[in-house]
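Observations on chain architecture
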Amino acid sequence: MNHYKILSWIALFISISLLLLPKYVPICTGHTGDGNPMQCHYTYQAEFIITLVAIILSASLLVLRTTEARLLTSFVVFLLGIIVIILPQPWVIGICENGACLKTTFFTTIGGSILAIIGLVLLLLTHKTQSEEVI
């Protein structure tokens, strides 16, 4: 289970990094013609909520003991990573074409990809451990 704990800590670190990313690589502060914030503002508001949930679930991976709870939490972390990746897409919420927003989206996509991969590896690792316990 040592690999499980290390991956859980990495998932927690990536989730916290995704939460703080717009602070260090900020999105634009532009407005549309009618004075409303641009779509990138709403995308990163949604990203903020998703990463808060990812932080909570990644932290819970460190304390969960039952296999079923670990399987479910790992799967949800995987799904949250996928959601982080697709939110900036134009068919979901989208972003503007400003260079700052594109740079933030680049790092968000990398972080979301890593989070999804870690969630999937944790899911497979937990499933493998569960299979070995049954035998």
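Residues numbered from 1 in each chain as written. Predicted model: local features only at pLDDT ≥ 70, side-chain atom pairs only at ≥ 80, totals over all residues. Heavy atoms only, no water.

Structural notes on the overall build of the protein chain
We apply this condition: Numbered from the N terminus, helices here are DSSP runs of H or I no shorter than four residues, and strands are runs of E no shorter than two. Only protein chains enter the accessibility calculation, which uses a 1.4 Å probe. A residue is then buried if its area is under 20% of the maximum for its type, exposed if over 50%, and partly exposed in between. The contact criterion used is simple: two residues touch if any of their non-hydrogen atoms lie within 4.5 Å.
Counting its secondary structure elements, the protein chain contains four helices and zero strands. Ordered by position in the sequence, the α and β elements of the protein chain form the string α-α-α-α. Once the C-alpha set of the protein chain is aligned to its principal axes, its extents read approximately 65 × 25 × 20 Å. Counting all 135 residues of the protein chain, 39% fall into the buried class. Counting only contacts in the protein chain whose residues sit at least 6 apart along the sequence, the fraction spanning at least 24 positions is 79%.

Some remarks on the environment of H127
Looking at the secondary structure, you find H127 in helix α4 (residues 99–134). A relative accessible area of 44% means that H127 is categorised as partly exposed. As for H127 and T67, which are separated by 60 residues in sequence, their C-alpha atoms are 8.0 Å apart.

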